[in-house]
Amino acid sequence: MKRRDFLAAGALSAVSLACRRKPEFPFPGEIIGPDLPLGHWLRGGTFPEPEHFEPVSALVIGGGAAGLSAAWRLAGGGLDDFRVLELEREPGGTSRSDRNHVSAFPWAAHYLPVPDRGNHAVLRLLDECGVLHGFDAKGDPVFAEEATVRAPEERIFAFGQWWEGLYLRAGASPEDERQYHAFFREVDQWAAFRDAKGRPAFSIPRSRCSDAPEAVALDGLSFAAWLDARGFSSPRLRWLLDYACRDDYGSRLDTTSAWAGLFYFAARKQGPGEDSRPLLTWPEGNGFLINHLRRACGDRLRCGVMATAIHEAKDGLMVTAWDAVNQVRVGWKAQRVIFAGPQHVAKHVVEGLAAARPAAARIRNAPWMVANLTLRARPKEPTFPLAWDNVLRDSEALGYVAATHQSLQDYGPTVWTWYRPFAGPDCDLERTRLRSLDWPTCARMVMDDLRVAHPDLEGLVARLDVMRWGHAMVRPAPGLLWDPAFRALADPFGRIHFAHTELSGLALFEEAQDHGLRAAEEVLAASGRRGQSWR
Amino acid sequence: MGEPGPEAPPSTLKAPLLFISVLLIASCGLIYELVAGTLSSYLLGDSVTQFSTVIGVYLSAMGLGSYLSKFLQRGLARRFVDLELAVALVGGFSAPILFQAFAHTHAFRVVLYGVVMAVGTLVGLEIPILMRILKDQVRFKDLIAGVLTLDYVGALFASLLFPLLFMPKLGLVRTSLLFGLLNAAVGLWSTYLLVSQLGPTRLIRLRCLAIMALLAVGLVFAGRFTLVLEEEVFADEIVYAKDSAYQRIVLTRGRGSFQLFLNGNLQFSSADEYRYHEALVHPAFALRPEARRVLICGGGDGLAVREVLKHPSVQEIVLVDLDPAMTDMARQQPMVRQLNGASLDDPRVKVVNADAMVWLQETTGPPFDIALVDFPDPNTYALGKLYTSRFYRLLQRRLADDAMVAVQSTSPLMARESFWCIAATMEAAGLKVHPYHLAVPSFGVWGFALASKRDFGIPTHVLPGLRHLSDEATAAMFAFPRDMDRVPTEVNRLDNQVLVHLYAREWRRWS
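Not measured: the values here are computed from a predicted model.

**Digging into the overall build of chain A**
On a plain count of helices and strands, chain A comes out with 16 helices and 21 strands. By its C-alpha atoms, chain A is 70 × 60 × 50 Å across when sized along the principal axes. Out of the 535 residues in chain A, the part that is buried amounts to 49%.

**Some words on the sheet that holds strand E3 (residues 257-262) of chain B**
All names here are of chain B. One open sheet holds the 4 strands; their spatial order is E1-E2-E3-E4, and the pairing between them is antiparallel. Both outer strands of the open sheet, strand E1 (237-243) and strand E4 (265-269), are each paired with one neighbouring strand and no more. Averaged over all adjacent pairs, the angle separating strand axes in this sheet is 20°, with direction ignored. With 6 bridges connecting them, strand E2 (residues 248-254) and E3 associate as antiparallel partners. Within E3, the residue paired with Val250 across the bridge is Phe261.

**Here we look at the interface of chain B and chain A**
As a measure of interface size, the accessible area lost when the parts come together is often cited. With 17 residues of chain B in contact, the opposing surface of chain A contributes 13 residues. Of all the secondary structure elements, the ones that give two or more residues to the side of chain B that touches chain A are helix H14 (356-362), helix H15 (381-384) and helix H16 (389-397) of chain B. In terms of residues, the side of chain B that touches chain A owes the most to one element, H14(B), which gives 3 residues. Residues of the side of chain B that touches chain A, tallied by class, amount to 7 nonpolar, 5 polar and 5 charged.

**Quick word on the domain arrangement of chain B**
According to the domain assignment, chain B contains domain 1 (12-221), domain 2 (232-267) and domain 3 (272-508). Taking the mean C-alpha position of each, domain 1 of chain B and domain 3 of chain B sit 51 Å from one another.

**A look at the packing of helix H3 (residues 65-76) of chain A against helix H16 (residues 509-526) of chain A**
Residue and element names in this part refer to chain A. Remark: H3 packs on H16, axes separated minimally by 7 Å, with the N-to-C direction vectors making an angle of 40°. Relative to H16, the element H3 lies oblique. Seen from above, H3 lies across H16 with right-handed handedness. Counted together, Ala65, Ala66, Gly67, Ser69, Ala70, Arg73 and Leu74 of H3 and Phe509, Ala512, Gln513, His515, Gly516, Leu517, Ala519, Ala520, Glu521, Val523 and Leu524 of H16 form the full contact between these two elements. When its residues are assigned to classes, the contact of H3 with H16 shows 11 nonpolar, 5 polar and 2 charged.

**Some thoughts on the nonpolar core**
Counting residues in hydrophobic clusters, the biggest one holds 152 residues, and the most contacted among them are A:Leu59 and A:Ile338. Once residues within four sequence positions are removed from consideration, A:Ile338 is found in contact with A:Ala58, A:Val60, A:Ala70, A:His497, A:Ala499, A:Ala519, A:Ala520 and A:Val523. Counting 91 residues, the second largest nonpolar core, distinct from the first, contains B:Val239, B:Ala284, B:Leu339 and B:Met357.

**Here we look at the packing of H3(A) against helix H10 (residues 287-297) of chain A**
Residue and element names in this part refer to chain A. Look at H3 against H10: their axes get within 9 Å of each other, and the N-to-C directions meet at 45°. In terms of their interaxial angle, H3 and H10 are classed as oblique. Considering the relative orientation of H3 and H10, their crossing is left-handed. Where H3 approaches H10, its residues Ala65, Leu68, Ser69, Ala71, Trp72 and Ala75 are matched on the opposing element by Ile290, Leu293, Arg294, Ala296 and Cys297. The residue makeup of the contact of H3 with H10, split by class, is 9 nonpolar, 1 polar and 1 charged.

What counts and how
- Along each chain, numbering runs from 1 in the same order as the chain's sequence is written.
- A letter from A marks each chain and a number from 1 marks each ligand, given out in the order of writing.
- Where totals are concerned, whole chains, interfaces and linings use all residues; where local detail is concerned, this predicted model gives features only for residues with pLDDT of at least 70, and gives and counts side-chain atom pairs only at 80 or more.
- By definition, any uninterrupted DSSP run of H or I lasting at least four residues is a helix, any uninterrupted run of E lasting at least two residues is a strand, and each is numbered from the N terminus.
- Field definition: a residue is buried when 20 or more other C-beta atoms are found within 10 Å of its C-beta, exposed when 12 or fewer are, and partly exposed for counts in between, with C-beta atoms placed from the backbone.
- In short, DSSP must find at least two bridges between two strands for them to pair.
- Think of each axis as a best-fit line through the C-alpha atoms, taken over the contacting stretch in the case of a helix, with angles from 0 to 180 degrees between the N-to-C directions.
- Our contact criterion uses C-beta atoms placed from the backbone: two residues qualify when those atoms are within 7 Å.
- Put simply, Ala, Val, Leu, Ile, Met, Phe, Trp, Tyr, Cys and Pro go in the nonpolar bin, Asp, Glu, Lys and Arg in the charged bin, and everything else, Gly too, in the polar bin.
- Domains are outlined according to an automatic or database domain assignment.
- The cut-offs work like this: below 35 degrees is roughly parallel, past 145 is roughly antiparallel, 65 to 115 is roughly perpendicular, and the gaps in between are oblique.
- Crossings are classed by handedness, with left-handed meaning an anticlockwise turn of the near helix from the far one by less than a right angle and right-handed meaning a clockwise turn.
- The term nonpolar core means buried Ala, Val, Leu, Ile, Met, Phe, Trp, Tyr and Cys residues held together as one set by C-beta atoms within 7 Å.

What follows is the structure, encoded as structure tokens:
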């Protein structure tokens with residue numbers, strides 16, 4: 001037996017050696033950041049004091065959607081004397097994007113539901129970007145046609161072919177249909193809910209949501225438990241809702257709070273009984289918004305700079321940082337700091353924060369893998385044609401978005417952005433797993449997933465690049481979102497203010513922006529610049 | 001089976017049967033000539049030249065074959081059977097080879113005359129060799145009289161049956177394959193008639209059967225998957241077919257006209273396209289007679305350009321068509337080129353091969369005085385986007401303030417909601433719109449929308465000397481009878497593409 005095992009093992013390794021000689025895929029690619037070594041250096045490193053501390057009124061640490069929104073608000077409020085420090089080489093965080101010879105494309109967040117008339121901050125931003133065209137007779141905003149997701153918006157691959165839409169109607173039983181409609185009636189009821197102060201139960205950003213007990217009670221149970229209690233057992237319906245949880249939260253039905261599960265649907269309703277709000281998108285995804293905010297920020301943005309420590313001094317906050325571009329230690333003396341990074345970084349940078357705020361330890365971030373496939377030509381599409389969002393039903397991944405859809409290019413090369421959340425229950429375990437994947441393994445995962453729907457894809461791929469997001473999105477686990485200790489994480493810590501989408505427990509551009517504006521308005525108020533809120 | 005010795009002469013009884021072979025091979029030979037002549041005049045146009053040159057090359061090749069026959073000395077019976085099989089292969093597959101050569105190579109004429117030459121030479125060998133086989137059985141004067149009589153009679157059969165029976169019923173490809181099969185059958189039959197001169201026949205017969213099988217497979221698959229199937233779909237002979245990167249382009253010919261199909265949808269018939277293109281082009285010019293810069297979106301067939309060039313004020317025409325295969329065909333395919341008057345080669349015409357909407361979005365330039373929008377009907381999302389409010393807004397950015405726009409907008413009778421949806425969408429994009437319609441027999445009642453950024457009155461005077469449009473006919477196009485009158489519709493936007501759904505629903509009723 002032993003001898004046979006040995007021989008078998010020998011044969012196997014010979015085979016694997018032979019296989020290794022030739023690359024598995026006929027196309028190149030690489031794993032693109034985020035810059036893990038730089039970030040993780042923070043945990044153990046010690047940093048000597050810099051020689052010079054540049055005085056500024058405000059320092060924003062983090063150049064994602066929250067940090068850039070804070071900067072936008074500071075500049076808009078007349079506080080020009082600030083800097084934004086971004087750890088990565090490019091700003092944007094999970095709204096980052098890039099561009100190649102074929103198209104611009106997103107690296108993560110890629111759309112925004114059309115804001116309602118009460119979402120002043122997003123309307124202001126879209127107006128500046130030239131996307132808001134005015135208001136209709138009813139007072140509702142009107143948006144540029146070219147920024148609204150072009151039809152067909154979604155298709156789903158099941159039973160060996162593509163179908164229009166995300167909910168699979170083909171083969172649905174009458175009971176499936178009944179439950180589908182019953183669920184959306186419940187959503188409508190919640191969309192119609194108003195508390196004593198006239199606030200809705202669900203609205204974007206969540207700071208506009210009611211804290212009425214009957215709404216908040218939804219946060220106490222999982223979405224799965226809520227569905228079970230109402231007899232929603234239809235596999236198709238549960239697939240759709242689970243997909244929504246994976247897509248927006250990186251979690252599953254049983255690890256998502258029912259409040260968050262309903263938020264996804266009810267907050268996007270135009271009104272009870274009406275359709276969901278249309279989506280706004282761009283070839284580069286939310287990178288479009290980031291690029292605008294970045295321009296507004298100008299040369300006050302410093303990329304490749306990692307804040308390493310913040311100390312209270314008598315007349316300000318002493319911030320030390322490592323400038324990875326110039327390989328020098330740098331320092332700022334800031335009147336106020338807006339920490340626009342995640343809490344798991346804040347605890348290493350802000351002295352005494354971890355001990356003062358143990359609730360931060362409850363935050364869990366789902367890891368994600370995102371791949372961008374540059375195709376030199378498009379695969380054959382004998383069934384429902386290529387849509388913006390292309391979802392495979394029987395997959396752990398979420399499918400792909402075609403970057404050229406919104407730029408109207410219906411022929412020739414394209415870029416597909418493929419998304420896969422690591423939605424297992426233990427985020428740390430999932431993160432370790434994600435970090436262990438090398439490029440060939442990632443490429444195999446992507447191709448194995450897509451080959452089912454596109455058998456001819458491999459020969460069309462010109463390049464496949466992968467981003468491994470260790471902390472892509474906060475998970476709205478049951479009981480987190482309305483926990484007072486969690487919500488208090490957004491409160492200032494001395495002269496340090498916090499802004500991050502994580503503080504909402506919902507990873508959305510609007511939440512990041514809302515926290516950025518709140519933190520900036522706190523800073524403006526502290527510096528005597530009180531004015532009309534943009535929120 | 002009795003085995004006569006190799007030296008034994010064939011029984012004189014078989015001579016009449018061999019004369020029947022003459023009849024058959026004469027028919028086959030003429031059929032190949034007719035197939036090549038017809039095919040080349042379809043594909044290249046100018047049928048007098050094509051028939052003359054094909055006949056000339058064919059007859060001279062037959063002369064060459066007859067001359068070469070003297071170099072064949074021994075084993076004439078065996079040579080004859082081989083010859084029949086060679087003719088069966090080259091002649092039988094001549095039509096599919098020529099169609100493929102036309103669709104996929106740039107050297108069609110080389111292939112054409114090569115095939116005609118080869119078939120002619122082989123056919124030229126047949127009769128002399130057969131006569132030499134028969135010379136010992138039949139007196140010379142009877143031999144000459146019999147062979148030539150049957151040769152000419154066979155030619156008569158072929159020349160009558162080809163246009164009356166084979167072309168209409170089978171089409172070119174299957175006719176040539178069928179006669180190839182007949183040639184191979186003559187070969188097989190000859191192995192029985194000439195058995196005494198052949199020696200062992202098993203291998204020869206196997207070869208005959210193999211070639212017959214090949215031709216039979218060709219016949220079956222011709223119907224299964226190449227042009228002939230489409231001929232059934234299109235009801236007419238296919239004379240040009242090409243799969244470009246964007247679409248399948250097919251030209252058919254029949255009933256005194258020819259037609260262009262894109263992805264199986266009729267784009268024009270040469271019989272009545274003048275009605276369509278006059279209506280597309282001249283009403284806009286009637287209101288901007290001094291137009292200098294003209295934009296044409298779609299219209300890669302060059303027919304709209306032909307009409308535009310009738311206006312001497314025009315200095316520049318920019319034609320934006322997605323498919324270079326389409327504009328190349330409009331320049332090179334003789335029938336189309338003749339129909340469009342070689343319009344795309346006019347020095348005033350600039351052809352841009354691009355998606356018109358992407359082109360409008362990504363380029364800038366001096367404003368146009370007239371824009372003619374001539375896309376295929378909105379039966380896919382990729383076409384539907386070219387009928388959205390966004391498209392008409394992008395278009396307006398490239399127009400002079402007093403520019404006129406004409407948009408082909410499907411049938412107001414058969415797709416009434418679709419037609420009015422296009423008009424409503426143009427209005428939503430800020431254009432003033434006057435829809436109009438006329439009868440184009442191969443399409444039915446067809447509609448257009450005339451539009452401008454400013455208010456305008458309907459045209460009353462058109463260019464004189466047109467084939468269809470007169471001043472009265474022009475004014476009449478703008479009146480809508482009740483069954484085509486305006487119906488309320490949604491606006492076709494990029495984010496709803498309602499027109500694609502409307503259009504599919506309305507046309508489904510008629511198919």
